[in-house]
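Residues per chain, in single letters:
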Amino acid sequence: MGNQNKPSSRQKIVNIVLFLLFAAFAIVQLNDKDGFIWFSIYGVVGLVHLYAIFKPLKPSVLLLFLIGLAIYAAMHASYFLDWLQVQNKSELFGEMVYEKPYLEGTREFLGLVIALVSMVYQWRQSKK
């Protein structure tokens, strides 16, 4: 059912960009206290895009990644909802403040959403 043809040039370019983006995401996580978790998440997503440069993945495999990312994102959604309630939205881009755990949780949630969107792209490409 999945696309057994090689990816088009356009798909390859998109996958290269996504791979580089998630590789960069993974690398900047290395200095975080829970960096191994985030390095692993972004690293796996990056590797999915790298693999897809050469061969499409099975939709069922991608669906498992989608479900996992969606569940983990849902676990961080409350932080995002808390952040939506604050006046100063720009503090999201500042340093971590331990009295405000919603800042780190919102960053993690948004990173997961980005990863999820990229995996939806892969899943849709695999269904063609």
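Above this text you will find the structure in question.
A short tour of the structure in this document, coming up. (Residues numbered from 1 in each chain as written. Predicted model: local features only at pLDDT ≥ 70, side-chain atom pairs only at ≥ 80, totals over all residues. Heavy atoms only, no water.)

**What to know about the overall build of the protein chain**
Thinking step 1. The secondary structure content of the protein chain amounts to 4 helices and 0 strands.
Thinking step 2. Each helix and strand of the protein chain, ordered N terminal to C terminal, gives the series α-α-α-α.
Thinking step 3. For the protein chain, the spread of C-alpha atoms along the three principal axes comes to 50 × 25 × 25 Å.
Thinking step 4. Expressed as a percentage of the 128 residues in the protein chain, the buried residues total 36%.
Thinking step 5. Contacts in the protein chain between residues far apart in sequence, at least 24 positions, make up 69% of those at least 6 positions apart.
Thinking step 6. Within the structure as shown, the protein chain displays about 8,000 Å² of accessible surface, and the carbon and sulfur contribution to it stands at 69%.
Thinking step 7. Across the protein chain, the mean location of the 12 positive side-chain charges is 24 Å away from that of the 8 negative side-chain charges. (Helix = DSSP H or I, 4+ residues; strand = E, 2+ residues; numbered from the N terminus. Buried < 20%, exposed > 50% of the residue type's maximum accessible area, 1.4 Å probe, protein only. Contact = heavy atoms within 4.5 Å. Areas by Shrake-Rupley, 256 points an atom, 1.4 Å probe, with all protein chains shown as cover. Lys, Arg positive; Asp, Glu negative; His and termini not counted. Charge placed at Lys NZ, Arg CZ, Asp CG, Glu CD.)

**Describing the packing of aromatic side chains**
Thinking step 1. Taken as a whole and judged by the stated rule, the model has 7 aromatic pairs.
Thinking step 2. Ring geometry for Phe25 against Tyr42: centres 5.4 Å apart, planes inclined by 65°, an arrangement best described as edge-to-face. Here Phe25 is found in helix 1 (residues 9-28), whereas its partner Tyr42 is found in helix 2 (residues 35-54), with 17 residues between them in sequence.
Thinking step 3. A relative accessible area of 22% means that Phe25 is categorised as partly exposed.
Thinking step 4. What links up through ring pairs into an aromatic cluster is the set Phe22, Phe25, Trp38, Tyr42 and Tyr72. (Phe/Tyr/Trp six-rings, centres within 6.5 Å; stacked < 30°, edge-to-face > 60°.)

**Looking at the environment of Arg107**
Thinking step 1. With respect to the helices and strands, the residue Arg107 is situated in helix 4 (residues 101-127).
Thinking step 2. Under the relative-accessibility criterion, Arg107 is labelled partly exposed at 24%.
Thinking step 3. Arg107 sits 46 residues away from Val61 along the chain, and the two C-alpha atoms are 26 Å apart.

**Looking at the packing of helix 1 against helix 2**
Thinking step 1. Running from N to C, helix 1 and helix 2 cross one another at 160°; their axes reach a closest spacing of 8 Å. With respect to each other, helix 1 and helix 2 are oriented roughly antiparallel. Seen along the crossing, helix 1 lies across helix 2 with a hand that is left-handed. Taking contact as the criterion, the partners of Lys12, Asn15, Ile16, Leu18, Phe19, Phe22, Phe25, Ala26 and Ile27 in helix 1 are, on helix 2, Phe39, Tyr42, Gly43, Val45, Gly46, His49, Leu50, Ala52 and Ile53. (Axes fitted to C-alpha atoms, helices over the stretch in contact; angles between N-to-C directions. Parallel < 35°, antiparallel > 145°, perpendicular 65-115°, else oblique. Left-handed = near helix turned anticlockwise from the far one by under 90°.)

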